[in-house]
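Structural description and commentary
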Amino acid sequence: MSRHRIRRGLAAAATAACAAMAVSAATPTPASAETTYPVGDVGTAVGNFFFSPDAVPGANIWSCKPSAAHPRPVVIVHGTTSNFGSAGAMIAPTLANHGYCVYGFNYGETYSTLGHIYGLGDIAESARTMRAFVDKVLAATGAAEVDVVGGSQGGMMPNYYIKRLGGAAKVRTLIGLGPTNHGTTLGGLVDLGRALNVLGIVNGFYHLIGSPAHVQQEEGSEFQKALFADGDTVPGVRYLTVATSHDTTVTPLTNSFLHGGDATNILLQDLCPDDPVSHSGMSFDGPIMQIILNALGPDAPGFEPECTGYGPNV
């Protein structure tokens, strides 16, 4: 497998601060100078999934005005079967504590009996939900563009918004954490299902329970073919994709990567070989958080993240 090296880095001062706190504390934001927001962990994310699916400290403060240092609001996009409260537990307050105006939303809800499970609906419709939310963020902040951070489907779905719904003029940077950009074989199960001519039965079940997004994220799906038929990227948008070699959800992991245009692909273990983080833990990983801060901030060359504060192997 080819190795994908990061081309950009985080300034040394920001790196030291981020590593020292293991991405769990930071300086107050200009927009909220007297507040330091508590940064969550996996336990926080589990609690938020059930009890705070829409809210995370430091996020969706509609009076927030972007600073000259951080002129673009950041929109966090959760993945399949997740919600904003869970996915944003670490990322949102960390970014807010570094001076960003941070926002997040839920999309594609199907079930809410056991917690709040989102991200199951038709991906094109979810992208329309994103379009309306981004417009709301831009109107509230007065900004011209947003930056986007999304995991799994949350890193892939924004491509539909960017490519098909006018989002290219409103998104400067798309950061995907293990995104399902070119679908997944689920460790070869999708290929096996096709070979045995039973994949249609499985997909019928997904549609029956109201989760077309699962089918659309299969490698080789009609949705995937149509979305990327005209190439992976569009001019004017920066793309940064982070994958982990321990990902068992997006397989092969290179399906996460985008090519062409201003696209950078990172295999996390090229930078931190001992990092055990897997697909669902990427939003709680110290090196990944440092990479996000770099991409949104100083974009300083020659940096490699502090290999500490690893996320879980889940």
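To be clear, the structure that these remarks concern was listed above.
A short tour of the structure in this document, coming up. Small disclaimer: the values here were computed from a predicted structure and weren't measured.

1. Describing the pattern of salt bridges
Within this structure, the stated rule accounts for 7 salt bridges. Arg128 serves as the salt-bridge partner of Glu125, at 3.2 Å between the closest nitrogen and oxygen. Here Arg128 and Glu125 lie together in helix H5 (residues 123-141), a separation of 3 residues that amounts to about one turn. Judged by relative accessible area, which is 33%, Arg128 ranks as partly exposed.

2. Examining the sheet that holds strand E4 (residues 171-177)
Pairing is parallel across the open sheet formed by 6 strands, whose spatial order is E2-E1-E3-E4-E5-E6. Across the chains shown, the open sheet's two edge strands, defined by having one partner strand only, are strand E2 (102-105) and strand E6 (262-267). Averaged over all pairs of adjacent strands, the angle between strand axes in this sheet comes to 15 degrees, irrespective of strand direction. Where strand E1 (residues 74-77) meets E2, 4 bridges bridge the pair, whose relative direction is parallel. Residue pairing for E2: Val75 is matched across the bridge by Tyr103. Lying over the sheet, H5 contacts E1, E2 and strand E3 (146-151), oriented at roughly 155 degrees with respect to E2.

3. Quick word on the environment of Asn159
One can find Asn159 in helix H6 (residues 153-164). Judged by relative accessible area, which is 0%, Asn159 ranks as buried. Linking Asn159 and Asp232, residues 73 residues apart in sequence, is a C-alpha distance of 8.5 Å. For Asn159, the contacting residues outside a window of four places in its chain are Arg164, Leu174, Asn181, Leu227, Phe228, Asp232, Tyr239 and Leu258. Among the polar contacts listed, one links the side chain of Asn159 to the side chain of Asn181, at a separation of 3.0 Å.

4. Examining the pairing of E1
Covered by surrounding structure in E1 are Val74 and Ile76 together with Val75 and Val77, the residues of both alternating faces. By the bridge criterion, 4 bridges tie E1 to E3 in an arrangement that is parallel. In the strand pairing of E3, Ile76 is matched with Val149.

5. Focus: the state of the cysteines
The tally for this structure, following the rule as stated, stands at 2 disulfides. In this model Cys64 forms its disulfide with Cys101; the gap between the sulfur atoms is 2.0 Å. Disulfide Cys64-Cys101: the torsion about the S-S bond is -80 degrees, which places it as left-handed. In this pair, Cys64 sits in the loop between helix H2 (42-51) and E1 while Cys101 sits in the loop between helix H4 (91-97) and E2, placing the two residues 37 residues apart along the sequence. Across the pair, exposure class does not vary: Cys64 and Cys101 are buried alike. Cys272 shares a disulfide with Cys307; S-S distance 2.1 Å. Here the S-S torsion is close to -85 degrees, and the disulfide linking Cys272 with Cys307 is therefore left-handed. One end of the pair, Cys272, is in the loop between helix H11 (268-271) and helix H12 (286-296); the other, Cys307, is in the segment after H12, with 35 residues separating them in the sequence. On the accessibility criterion, Cys307 (36% relative accessible area) is partly exposed. In the protein, the bonded cysteines, taken in the order they occur along the sequence, pair up as 1-2, 3-4.

What counts, and at which threshold
Residues numbered from 1 in each chain as written. Predicted model: local features only at pLDDT ≥ 70, side-chain atom pairs only at ≥ 80, totals over all residues. Heavy atoms only, no water. Salt bridge = Lys/Arg side-chain N within 4 Å of Asp/Glu carboxyl O. Helix = DSSP H or I, 4+ residues; strand = E, 2+ residues; numbered from the N terminus. Buried < 20%, exposed > 50% of the residue type's maximum accessible area, 1.4 Å probe, protein only. Pairing = 2+ DSSP bridges. Axes fitted to C-alpha atoms, helices over the stretch in contact; angles between N-to-C directions. Contact = heavy atoms within 4.5 Å. Polar contact = N/O pair within 3.5 Å; in protein donor to acceptor, adjacent residues only side chain to side chain. Disulfide = S-S within 2.5 Å.

Such coordinate-based values are descriptive only and should not be taken to indicate function.
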